[in-house]
Each structure stands twice: as C-alpha cells, then as structure tokens.
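Structure at a glance
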Amino acid sequence: MTKFIVVTGGVLSGVGKGVTTASLGKILKEHGYKTTLIKIDPYINFDAGTLRPTEHGEVWVTDDGGEIDQDLGTYERFMDESIPKKNNLTTGQIYKAVMDKERAGFYLGQTVQFVPHIIDEIKKRLKEAACDHEIAIVEVGGTVGDYENVPFLLALKGLDREMGAQSTAYVLVTYLPIPDHIGEMKTKPTQQAIRLLGQEGILPDFIICRAKYPLDAVRRKKIEEFANISSDHVISAPDIETIYQIPLDLEREGLGVKVLAHLGLTSRKQPNLTQWQELVTAIKSPERRVTVAIVGKYLESGDFSMTDSYVSIYQALIHAGAQQNCGITINWIDAKTFETDPSKLSELAAADGVIIPGGFGTAGVEGKMKAIEYVRINKIPYLGLCYGMQLAAVEFARNVCGFSQANTTEVDKDTLHPIIDILPTQKQLLESSDYGGTMRLGSYSAVVKKESSVEHLYQGASVIKDGQTFVSERHRHRYEVNPRYVPALEDKGLSFSGYHVREDGAKLMEFLELPEHPFFIATQAHPEFKSRLGNPNPLFAGFVKACSVKR
C-alpha cells in the first residue's frame, strides 16, 4: 500500500513548499523507494493554461500535454523523471468531474453533496496518481487557513483514517520572520499555522522552519513545545545560495531516515549525492561566468519585477552551466524598451548570448525582432524558444529576403507575407472561444537534418530509426512556420534543421539555424522543460558553450 507524505505551508505563500517536496522526493528516491510527487492547486481554474504568467508564474507542460503549476517543473528537475498531468489536482477539475458524473446519471438519483462526493473524488484522484508507487508526496498549495484548502485537507485526513497507523506523515513548511524594528526571529506566525492546521484535525509530524538565518535553540524549543513534537523533527532551513543545496542540507539533518521511520520503513540503500554535491559546488563557485540577456515581456507585476514567468529557462541555464563549471549571470530585459529607445540595443553587446523566450500576443514583438536582428548581424550567440523561433523567421524574411511586410498573423492577421500562421484546426478552436487545453501541447518528435548543428548537439539524446535522427521536445503553441515560405527563406541561407510530420503528412518546422553564425539556433519547442541538474538539455548546453567562446 502506498504511504503518503502531506506537505502544507504556513504564514505565507512562496515559502518553499515546492522545493521542500522535490527535495524530500529526491532523498527518498535515493534511499531506494519508488516515489512520486503530486501537487494540489486549490484554485477553481481547471488547469494553469489560461492563467496570466505575471500573476501565477510559468505554465509548466508535461509530456502528456498537461498545463500545470510551475512546481511540477521543480519536481521533475530534482527527481530527473517525467511526471504526468494526473499528478496535478485543482478544485476546478474536482467539481467538473463530479458535475459531469451527476449529469450522466452516475450517482443514480443521490443528492450530490460536498461530503461524500467531492471528498471521494479527491481521494480517488490521489490514489490514481499514487498508483504503482511506494511513497506519494502531496503538496497542498496555498497556506494553512485558506478556505479553498479545506476539502483537500479533509480528503487527506480521510485517506489517513482509511489506511491506518504509519500510513501518513504530515510536514509543515513555515516561515519565521525577523522584523527589522525588532531584530528577533519570531515564532508566533508558526504557532498560528500549527493551530490552524490543528483545526482541520491535523498535527504536523515534521516542521521545516524557513528563515533568513538558522533556527536557534530558543526558537526550536518554543516550536517543539507548541507543536508537541520531538525537537529532532523541527528542521532548520535557512536561506541558501541555490535551491539545489536543499536536498543536501535536509539529508544532513537526517530527514529521510526520520520520515521513513515515522512511516514504519527503513532505508534500503545508502544515498549517493556525490555528483549532486559536485554540481552544487560548480553552481556556487564556478570557474568562469557568462552573461545571458533574456529579452522577454512577462517581467512586470504592478510595482514589482517578476521573473517566475521564465523560471525553467533560468534553471536550464543553471543546469548547463553547472555541467561546464560555468556561472550564469542573467540580464533581464523588457523587449518593449527596444521599441521606445532603439539605442538601447547596444546593451546586448555586453551579453555573451541572448535568448528570446516564448510568449503570446503583440506586446514587445517589434522589440524582440530588433534584438534578433542585432544578434544576427553582430554574431552574438542566440537561442530562440517558441515565439523566439517564429520571430527569428519573420525578422529574416523582412531583412534578408526582402519581404518588408512580413509578419505573424498573431500580430497582423492581414499581413502581406504571413511567415507565421495559425493551423486550420487551431483557427476553428479560437473562433469558438475554446482556449483551455487546446494548443499543440506535450511531447512531439522531430526529424533532424543530417550534419546540422541541431543533430550534433543532440548526439546521445536522440533516436536513430531507418537512418533518420529523431529528437523529442515539449510544445505549447498555436502558430507555426508557414510551409509556403520555407523554400524562400532557405534559399537565402536560413536552414530549417528539423521538422515534425503530422498524421496527414504535413511538415511542421521544429528547428531553424544559421550555419554561418557562431550559434544561431531556434526551436518551436520548449526544451527548457526537459532540462535537469546533471542532465542538461542539449540546446542549452550548446548555447552556454557558445557563450563561453570569446568574440
């Protein structure tokens, strides 16, 4: 029977539940247990697909096409495993499933109620996600005391009761503030979180104490007495340089063995985190550094700058840098600045490489294309992702092929030269306002051109079949390179070095490159979603290597 570990958060959101869940998952995997990670998002949205990046952060895409909260990305990066979309539960999914069953007569005339029907649906989905695993770690989004968390905590407590003793461990991740005007670490918010969790019939078995500094003996004693747990179950988790240090710190505290003991289990093998430690050391003390400019649009949220919209790109660069003992400095640039002040393009000259990430809509598009033109002409390494590939094709069409009115129909539906156009099937979906979960989503394979830079980069990460090289990456988009313009673009020197063949035989361009450029590669995919520490994505590895070459 699967054992469950429930991770909740107290005091404030963003305290580190996701990283704690991922770190504990890695530790238990290292101890020899088949472990999976599940994320509960209490919002009423069906999934993260229609959420604004500046409000909710990056939308993570799974192999099977799920649009998920970015915490699943953290899980995959730590576990080095692909996690399916069923491992994400939302309030919207639960209620829709129950209502669909009610409309279909599934309940045979019963009065459909919160208890038991909503609670049973949650438990059923948790069991399905945990199936075939020995341990399932469930992160409950938000904070203890949030109204929307109540049904999920009730369901988890119900599972605990059904499965019996030593079936479940509860972990509370809490924050201990140090107000500037007091200068003392305060435990009262943590005590309130413990009390609120107790109102749901749950008492934490372990408390992870996040703070600017390590937990001292006085504060540890207060929490131990208030929570009525052993002091060695109160774990100090101070701020650190890199999130990848956390599994090492938690294992040093013996958290893996302690959690296993609480569940009536013992370690099956000695964890080997030597390579992980070496990579963490390379992140913290690299032999050299490169500067990468990321020219995006999802960088503003009110009076604050928010880079969570591109968290996987940043992490993919960290992975590639760690593998090459190279530190990464990110220069975040709002593409709109190049539209209002083109002279600022010269700032790109200070970068060792430039990335144009994915995005939607018209904002910042012209600024991104000015940046692409600049790096193309000045031989600065360039990596284009999704929209970054589409705009690279449009920029080349305008400034090299002479199609001055070239554009994407996402920006100008009446453009004279629609270099980028929407798929007919997608056009039908948009006309019917069917936006949720209808993009080209999940993993798709591409045939890669022989002797291309892309083929070279993916050596060891590709599949050879019938003499052809195939690579697989994840996607999230509606628009494609218009096949009608491919010959004209290639005639002027742009090489489309990979394509996906649809069931109807149509070819969708997946990669482009400029053979005469030091590094100018773009992909319709999101390769950042398949990068892990110790296993960096080939495109990012090649890009960081090119950035290290002095111009």
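Parameters and conventions
Residues numbered from 1 in each chain as written. Predicted model: local features only at pLDDT ≥ 70, side-chain atom pairs only at ≥ 80, totals over all residues. Heavy atoms only, no water. Phe/Tyr/Trp six-rings, centres within 6.5 Å; stacked < 30°, edge-to-face > 60°. Helix = DSSP H or I, 4+ residues; strand = E, 2+ residues; numbered from the N terminus. Lys NZ or Arg CZ within 6 Å of the ring centre and 35° of its normal. Pairing = 2+ DSSP bridges. Axes fitted to C-alpha atoms, helices over the stretch in contact; angles between N-to-C directions. Contact = heavy atoms within 4.5 Å. Core = buried A, V, L, I, M, F, W, Y, C linked by side-chain atoms within 4.5 Å. Buried < 20%, exposed > 50% of the residue type's maximum accessible area, 1.4 Å probe, protein only. Expected span 1.5 Å × (residues − 1). Parallel < 35°, antiparallel > 145°, perpendicular 65-115°, else oblique. Nonpolar A, V, L, I, M, F, W, Y, C, P; charged D, E, K, R; others polar. Polar contact = N/O pair within 3.5 Å; in protein donor to acceptor, adjacent residues only side chain to side chain. Patch = residues over 30% accessible without salt bridge, like charges linked within 9 Å, V, L, I, M, F, W, Y side chains within 5 Å. Areas by Shrake-Rupley, 256 points an atom, 1.4 Å probe, with all protein chains shown as cover. Salt bridge = Lys/Arg side-chain N within 4 Å of Asp/Glu carboxyl O. Disulfide = S-S within 2.5 Å. Left-handed = near helix turned anticlockwise from the far one by under 90°.

Our next topic: the packing of aromatic side chains. Applying the stated criterion across every chain yields a total of 10 aromatic pairs. Note on Tyr310 and Trp332: the rings are 6.2 Å apart at their centroids and 20° apart in plane angle, and the pair reads as stacked. With Tyr310 in the loop between strand 12 (304–305) and helix 12 (311–323) and Trp332 in strand 13 (residues 326–334), this residue pair connects regions lying 22 residues apart in the sequence. An aromatic cluster is present here, built from Phe78, Tyr244 and Trp276 joined pairwise through their rings. The aromatic ring of Tyr444 is capped on one face by Arg440, whose charged end is 4.4 Å from the ring centroid. Positioned over the ring face of Tyr499 is Lys507, at 4.5 Å from the centre of the ring.

In spatial order, the strands read 16-17-21; together these three strands make up an open sheet with mixed pairing. With partners counted over all chains shown, the strands left at the sheet margins are strand 16 (406–408) and strand 21 (479–481), one partner each. The mean inter-strand angle of the sheet, taken between neighbouring strand axes irrespective of direction, is 30°. Relative to strand 21, strand 17 (residues 417–422) is paired through three bridges, and the arrangement is antiparallel. Residue pairing across strands places Ile422 opposite Tyr479, the latter belonging to strand 21. Sitting on the sheet, helix 15 (residues 387–399) touches strand 16, strand 17 and strand 21, and the angle it makes with strand 16 is about 165°.

Core analysis: the largest hydrophobic core is formed by 72 residues, its most contacted members being Ile5, Val292, Leu317, Ile355 and Phe540. In this structure, Val292 is in contact with Leu317, Ile328, Thr329, Ile330, Asn331, Gly353, Ile355, Phe543 and Cys547, ignoring residues within four places of it in sequence. In this structure, Phe338, Ala392, Cys401 and Leu514 belong to the second largest nonpolar core, which totals 44 residues.

We now examine helix 15. Compared with the 18 Å implied by 1.5 Å per residue over 13 residues, the 18 Å span of helix 15 between its first and last C-alpha is a close match. Across the 13 residues of helix 15, 12 count as buried, placing the element largely inside the fold. The set of residues buried in helix 15 consists of Tyr387, Gly388, Met389, Gln390, Leu391, Ala392, Ala393, Val394, Glu395, Phe396, Ala397 and Arg398.

A few words on the packing of helix 11 (residues 274–284) against helix 12. Where helix 11 meets helix 12, the closest approach of the two axes is 8 Å, and the angle between their N-to-C directions is 105°. It follows that helix 11 is roughly perpendicular to helix 12 by the angle criterion. Contacts between helix 11 and helix 12 involve Leu279, Ala282 and Ile283 from the former and Ile318, Ala322 and Gln323 from the latter. By residue class, the composition of the contact of helix 11 with helix 12 is five nonpolar, one polar and no charged.

What follows is about the side chain of Thr187. Secondary-structure assignment places Thr187 in the loop between strand 7 (168–175) and helix 7 (188–199). Given a relative accessible area of 5%, Thr187 falls into the buried group. In this structure the side chain of Thr187 is engaged in a polar contact, spanning 3.0 Å, whose partner is the side chain of Gln191. In this view, Thr187 contacts Leu176, Arg219, Lys222 and Ile223; residues no more than four positions away in its chain are not counted.

Right, let's talk about a nonpolar patch on the surface for a bit. On the surface, Tyr95, Phe114, Val115 and Leu154 cluster together into a nonpolar patch covering about 340 Å² of accessible area. Tracing the chain through its elements places Tyr95 in helix 4 (residues 91–103). For Tyr95, a relative accessible area of 37% translates into the label partly exposed.

Let's shift gears to the sheet that holds strand 23 (residues 507–513). Strand pairing within a sheet occurs via backbone hydrogen bonds; the two strands may be parallel or antiparallel. With mixed pairing, 10 strands are arranged side by side in an open sheet as 13-10-14-15-24-23-22-18-20-19. With one partner strand each, in any of the chains shown, strand 13 and strand 19 (463–465) form the two edges of the open sheet. Across the sheet, the axes of successive neighbouring strands diverge by a mean angle of 30°, strand direction being ignored. As paired strands, strand 14 (residues 353–356) and strand 15 (residues 382–385) are joined by three bridges and run parallel to one another. Paired with Ile355 across the two strands is Leu383, which belongs to strand 15. Running at roughly 150° to strand 14, helix 14 (residues 365–377) makes contact with strand 10 (288–296), strand 14, strand 15 and strand 24 (520–523) of the sheet.

Inspection of every chain in the model, using the stated rule, returns zero disulfides. For Cys547, which is in no disulfide, the shortest distance to another cysteine sulfur is to Cys326 and amounts to 8.0 Å.

Below, the discussion takes up unusual backbone geometry. Cis geometry is adopted by the peptide bond preceding Pro116, which originates at Val115 and carries an omega value of 15°. Phi is positive for Asn228, close to 60°, though the residue is something other than glycine. In this structure, Asn228 sits in the loop between helix 8 (217–227) and strand 9 (234–238). With a phi close to 60°, Cys386 is a non-glycine residue in the positive phi region. With respect to the element layout, Cys386 can be found in the loop between strand 15 and helix 15.

With that out of the way, let us pick up the packing of helix 4 against helix 5 (residues 114–130). Remark: helix 4 packs on helix 5, axes separated minimally by 10 Å, with the N-to-C direction vectors making an angle of 115°. Helix 4 and helix 5 meet at a crossing whose hand is right-handed. For the pair helix 4 and helix 5, the contacting residues are Gln93, Ile94, Tyr95, Ala97, Val98 and Lys101 in the first and Phe114, His117, Ile118, Glu121, Ile122, Lys124 and Arg125 in the second.

Remember that the coordinates give geometry; whether it matters functionally is a separate question.
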